[in-house]
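An overview of the molecular structure
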Amino acid sequence: MAALAGKVAVVTGAARGLGRAYALRLAKLGADVVIADLNLNAAARVGEELTAESVMAEVEALGRRSLGVEGDVRDPDAVKRLFAETLAAFGRIDILVNNAGVAVARGSGTLATETTPDGFDYLIDVNLKSVQLCCAAAAPAMKAQGSGVIVNISSQTGISLLEGGNLAVYGAAKAGVAYLTRTLAAELGPHGIRVNAIAPGIVETERLKRLDPSMGVGTPAQRQAIALRRFGRTDELANALEFLATDLSSYVTGQVISVCGGAVLHPS
């Protein structure tokens, strides 16, 4: 029997890249999956090829039910609508993957001293506020069930500095995700809800291939600094999610797992 048969998962930022990989892995494990994104056609914008007309259709081709919900997870009303529609369609929420995020704000520098006030607010809201909003919205249903799994997506940048302090506020927000994960684990553990985080290193997505080199992400020097001497694959991050979302990790909560090929080799 599939490990997640009968379960319902919500994955934010799931219309492309890592979020899509997470959603499809959960579907392969037996879960019905809600695809939440600001743009459900986001894959086309970065040239990512799907195996069906949408990620929802890809999930359904695996024999699972799926629902697509567009909305901005920085917006409390949009988040309430996301979980209301999920409960209306499926009646439960078993797994939440807070994957939505962005590393750069338009019109702002990427160093701490170059980040504009608007850029700061944007990066904190997308990467940290959204996680708190979604966890708070999912918690009542999970508490009522007496069970649930939340997996937040932090980042290598939230654990270890990029060269010269690049992506400073993004890293600060992702460090906040790691701390929030631990506090949620303490709060929700008595209700049977486990909360963990994955901290991905640099992953070869279609988006990464199209990044402006001036951003300083995915450079040859960064590749050489990784113990395994390569960037990650989306399926390797999905492997970590499979561990955290299933009973393989039934006694694991409040942890941040770095999946970075050895880019970070010191305790967090």
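What you see is a predicted model; the values in this text were computed from it and never measured.

The rules behind these values
Residues numbered from 1 in each chain as written. Predicted model: local features only at pLDDT ≥ 70, side-chain atom pairs only at ≥ 80, totals over all residues. Heavy atoms only, no water. Helix = DSSP H or I, 4+ residues; strand = E, 2+ residues; numbered from the N terminus. Buried < 20%, exposed > 50% of the residue type's maximum accessible area, 1.4 Å probe, protein only. Pairing = 2+ DSSP bridges. Axes fitted to C-alpha atoms, helices over the stretch in contact; angles between N-to-C directions. Contact = heavy atoms within 4.5 Å. Right-handed = clockwise from strand over helix to strand, strands pointing away. Expected span 1.5 Å × (residues − 1). pLDDT = per-residue confidence, 0-100. Polar contact = N/O pair within 3.5 Å; in protein donor to acceptor, adjacent residues only side chain to side chain. Parallel < 35°, antiparallel > 145°, perpendicular 65-115°, else oblique. Left-handed = near helix turned anticlockwise from the far one by under 90°. Nonpolar A, V, L, I, M, F, W, Y, C, P; charged D, E, K, R; others polar.

A few words on the environment of S108. Following the sequence through the fold, S108 ends up in the loop between β4 (95-98) and α5 (117-145). Residue classification places S108 among the buried residues on the basis of a relative accessible area of 14%. Sequence spacing of S108 and G119 is eleven residues, and the spatial spacing of their C-alpha atoms is 5.7 Å.

With parallel pairing, the seven strands of this open sheet are ordered in space as β3-β2-β1-β4-β5-β6-β7. Lying at the two open borders of the sheet, with one neighbouring strand each, are β3 (66-70) and β7 (256-259). Neighbouring strand axes in the sheet, compared pairwise and without regard to direction, differ in orientation by 15° on average. Here strand β1 (residues 8-12) pairs with strand β2 (residues 32-37) via five bridges, running parallel. Opposite V11, over in β2, you have I35 as the bridge partner. Where helix α1 (residues 17-28) meets the sheet, its contacts fall on β1, β2, β4, β5 (148-153) and β6 (193-200), and the angle it forms with β1 comes to roughly 170°. Across the sheet, helix α9 (residues 234-245) lies against β4, β5, β6 and β7, angled at about 165° from β6, the strand it touches most.

Counting through the fold element by element, R25 comes out in helix α1. With a relative accessible area of 16%, R25 lands in the buried category. Those residues within four positions of R25 in sequence are excluded, and the remaining contacts are D235, A238, N239 and E242.

Let's shift gears to the pairing of β5. The buried fraction of β5 is high, at six of six residues. The alternating pattern of β5 places G148, I150 and N152 on one face and V149, V151 and I153 on the opposite face, and all of these are buried. The sheet contact formed by β4 and β5 spans four bridges and is parallel. Each residue of the ladder has a partner; that of L96, found in β5, is I150. Crossover handedness for the path β4 to α5 to β5: right-handed. Pairing geometry for β5 and β6, over six bridges, is parallel. Bridging from a neighbouring strand, V151 pairs with N196 of β6.

The next subject is α1. Because each turn of an α-helix spans 3.6 residues, side chains separated by three or four positions end up pointing in the same direction. For α1, with twelve residues, the first-to-last C-alpha span of 17 Å sits near the 16 Å given by 1.5 Å per residue. Within α1, eleven of the twelve residues are buried, which leaves it mostly tucked inside the rest of the structure. For α1, every residue scored as buried is listed here: G17, L18, G19, R20, A21, Y22, A23, L24, R25, L26 and A27. At the C-terminal side of α1, G30 shows a positive phi close to 110°.

A residue-level look at the protein finds 96% of positions with pLDDT of 70 or above and a mean pLDDT of 94. Element-level mean pLDDT values for the protein span from 70 in helix α7 (residues 206-209) up to 99 in β4.

What follows concerns the side chain of E236. Checked against the element boundaries, E236 lands in helix α9. A polar contact of 2.6 Å, which involves the side chain of E236, links it to the side chain of R230. Leave out the neighbours within four places in its chain, and E236 touches R230 and V259.

Turning our attention to the packing of α5 against helix α6 (residues 168-188). A packed helix pair is summarised by two numbers, namely the angle formed by the two axes and the spacing between the axes. For the pair α5 and α6, the least separation of the axes is 9 Å and the interaxial angle reads 15°. When the interaxial angle is binned, α5 and α6 end up roughly parallel. The two elements α5 and α6 meet at a crossing, and its hand is right-handed. Contacts from F120, L123, I124, N127, L128, V131, Q132, C135, A139 and K143 in α5 reach V169, Y170, A173, K174, G176, V177, L180, L184 and L188 in α6. Taken together, the residues of the contact of α5 with α6 break down into 14 nonpolar, three polar and two charged.

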